[in-house]
Amino acid sequence: KATLFFGFFGIIGTYSGLTFDTISENFDRWGIELSNDEAIANSRVIGVVLAGLFGGFRVGVGAGLIAGVHRYTLGGFTALSCGLASIVAGIIASAFYKKNKHVKLSTAFLIGALAETVQMGIILLISRPFDKALTLVENIGIPMVFANGVGCALFLFIIRNVVNEEEKAAALQAQKSLRIARKTLSYLRKGMSSESAAAVCQILKEEVLNIAKYGCLN
């Protein structure tokens with residue numbers, strides 16, 4: 001599931017990009033297919049890098065493969081190089097994967113920037129004609145390296161905040177449960193009787209009413 005999620009994330013990054021025409025050197029929105037003179041300036045690397053950082057080699061490479069194959073099917077003179085670069089990005093990010101350890105925002109930025117830099121290099125090595133590849137890298141290289149680095153750090157920040165909020169909510173629920181247990185313990189120690197049961201039920205009733213009224217336990 002994680003592989004499919006991040007792979008789909010990478011595909012969205014491709015579709016959110018802009019086409020660059022190496023002849024006119026203009027940016028524009030693009031349709032279903034690319035011409036032989038066009039390439040895409042996009043944020044596909046973000047999803048793949050996050051996959052590798054969060055899930056390791058299998059998730060990172062899997063997401064890179066999904067996003068890369070999809071990019072290859074869109075055509076353009078960088079189809080093969082960009083598709084291959086997506087898989088390489090997954091491998092690079094997976095090398096920095098550490099189980100049960102938080103990734104620093106600065107690390108995410110550097111890995112995203114590195115993955116995009118490697119993609120620019122692969123484009124120059126594989127895409128032909130070389131003059132088109134060089135024109136492309138000269139125009140979009142630095143902006144894409146910076147944008148994808150910032151994007152990786154930004155999405156990591158968002159994901160980390162969501163996880164932290166969930167952990168805070170779980171801790172709060174545990175604290176509330178302990179408070180209820182503390183209130184009822186003195187009655188339960190006396191053993192089960194009609195009096196102790198009535199007292200415990202009254203405590204639980206009050207707590208439920210508090211939740212209904214205030215949305216929390218007092």
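Here's what I pulled together on the structure shown here. From a predicted model like this one, the values you see are computed outputs, not experimental measurements. (Residues numbered from 1 in each chain as written. Predicted model: local features only at pLDDT ≥ 70, side-chain atom pairs only at ≥ 80, totals over all residues. Heavy atoms only, no water.)

Notes on the overall build of the chain
Here is step 1: On a plain count of helices and strands, the chain comes out with six helices and three strands.
Here is step 2: Along the chain direction, N to C, the helices and strands of the chain fall in the order α-β-β-β-α-α-α-α-α.
Here is step 3: In terms of overall size, the chain is more extended than a compact globule, its C-alpha atoms giving a radius of gyration of 26 Å where 218 residues would be expected to give roughly 17 Å.
Here is step 4: When its C-alpha atoms are laid out on the principal axes, the chain stretches across 90 × 30 × 25 Å.
Here is step 5: For the chain, the residues scored as buried account for 43% of the 218 residues in total.
Here is step 6: In the chain, once contacts between residues fewer than 6 apart in sequence are set aside, the share between residues at least 24 apart is 70%.
Here is step 7: Put simply, the chain shows about 12,400 Å² of open surface, and 65% of that area lies on carbon and sulfur atoms. (Helix = DSSP H or I, 4+ residues; strand = E, 2+ residues; numbered from the N terminus. Rg over C-alpha atoms; globule rule 2.2 N^0.38 Å. Buried < 20%, exposed > 50% of the residue type's maximum accessible area, 1.4 Å probe, protein only. Contact = heavy atoms within 4.5 Å. Areas by Shrake-Rupley, 256 points an atom, 1.4 Å probe, with all protein chains shown as cover.)

Some remarks on the side chain of T22
Here is step 1: With respect to the helices, strands and loops of the structure, T22 is situated in the loop between strand 1 (18–21) and strand 2 (26–28).
Here is step 2: Judged by relative accessible area, which is 7%, T22 ranks as buried.
Here is step 3: At 2.8 Å, the side chain of T22 and the backbone oxygen of D37 are in polar contact. (Polar contact = N/O pair within 3.5 Å; in protein donor to acceptor, adjacent residues only side chain to side chain.)

Thoughts on the environment of G62
Here is step 1: Tracing the sequence through the fold places G62 in helix 2 (residues 44–73).
Here is step 2: Sequence separation of G62 and V137 is 75 residues, and the distance between their C-alpha atoms is 26 Å.
Here is step 3: Discounting residues that sit within four places of it in the chain, G62 has contacts with T3 and F57.

Re the layout of surface pockets
Here is step 1: Approximately 200 Å³ is the volume attributed to the second largest pocket.
Here is step 2: For the second largest pocket, the lining is made up of 13 residues, of which A41, N42, S43, M144 and A147 are closest to its centre.
Here is step 3: Broken down by element, the lining of the second largest pocket gets its largest block of residues, six residues, from helix 5 (residues 130–188).
Here is step 4: When its residues are assigned to classes, the lining of the second largest pocket shows seven nonpolar, six polar and no charged. (1 Å grid on protein atoms, 1.4 Å probe; cavity = no way out; pocket = protein on both sides within 12 Å on 5 of 7 lines; lining within 4 Å. Points joined across faces, edges and corners; volume = space filled by probe spheres on them. Nonpolar A, V, L, I, M, F, W, Y, C, P; charged D, E, K, R; others polar.)

Remarks on the pairing of strand 1
Here is step 1: Summarising the sheet, strand 1 and strand 3 (residues 38–41) pair through four bridges and their orientation is antiparallel. The partner of L18 across the bridge, within strand 3, is A41.
Here is step 2: Here strand 1 hands over to strand 2 after four residues, with E25 in that stretch at a positive phi of 60°. (Pairing = 2+ DSSP bridges.)

A closer look at empty space enclosed by the protein
Here is step 1: Considering all chains together, one arrives at one cavity of 30 Å³ or more under this definition.
Here is step 2: Taken as a whole, the largest cavity holds about 40 Å³ of empty space.
Here is step 3: Counting residues per element, the ones that place at least two in the lining of the largest cavity are strand 3, helix 4 (105–126) and helix 5.

Some remarks on the packing of helix 3 (residues 79–94) against helix 4
Here is step 1: Interhelical geometry of helix 3 versus helix 4 gives an angle of 145° and a closest axis separation of 9 Å. The way helix 3 lies across helix 4 gives a crossing that is right-handed. On the side of helix 3, the interface is formed by L80, S81, C82, L84, A85, V88, A89, I92 and A93, while helix 4 contributes I111, L114, A115, V118, Q119, I122, I123 and I126.
Here is step 2: When its residues are assigned to classes, the contact of helix 3 with helix 4 shows 15 nonpolar, two polar and no charged. (Axes fitted to C-alpha atoms, helices over the stretch in contact; angles between N-to-C directions. Left-handed = near helix turned anticlockwise from the far one by under 90°.)

Some thoughts on helix 1 (residues 2–15)
Here is step 1: When the terminal C-alpha atoms of helix 1 are compared, their 20 Å separation across 14 residues agrees well with the 20 Å that a helix rising 1.5 Å per residue should span.
Here is step 2: All of the buried residues in helix 1 are F6, G7, F9, G10, I11, G13 and T14. (Expected span 1.5 Å × (residues − 1).)

Brief notes about the environment of F6
Here is step 1: Relative to the assigned elements, F6 resides in helix 1.
Here is step 2: Accessibility expressed as a relative area gives 9% for F6, which makes it buried.
Here is step 3: A C-alpha to C-alpha distance of 5.7 Å links F6 and A51, two positions 45 residues apart in sequence.
Here is step 4: Excluding its chain neighbours within four sequence positions, the residues that come into contact with F6 are G47, L50, A51, F54, V59 and A63.

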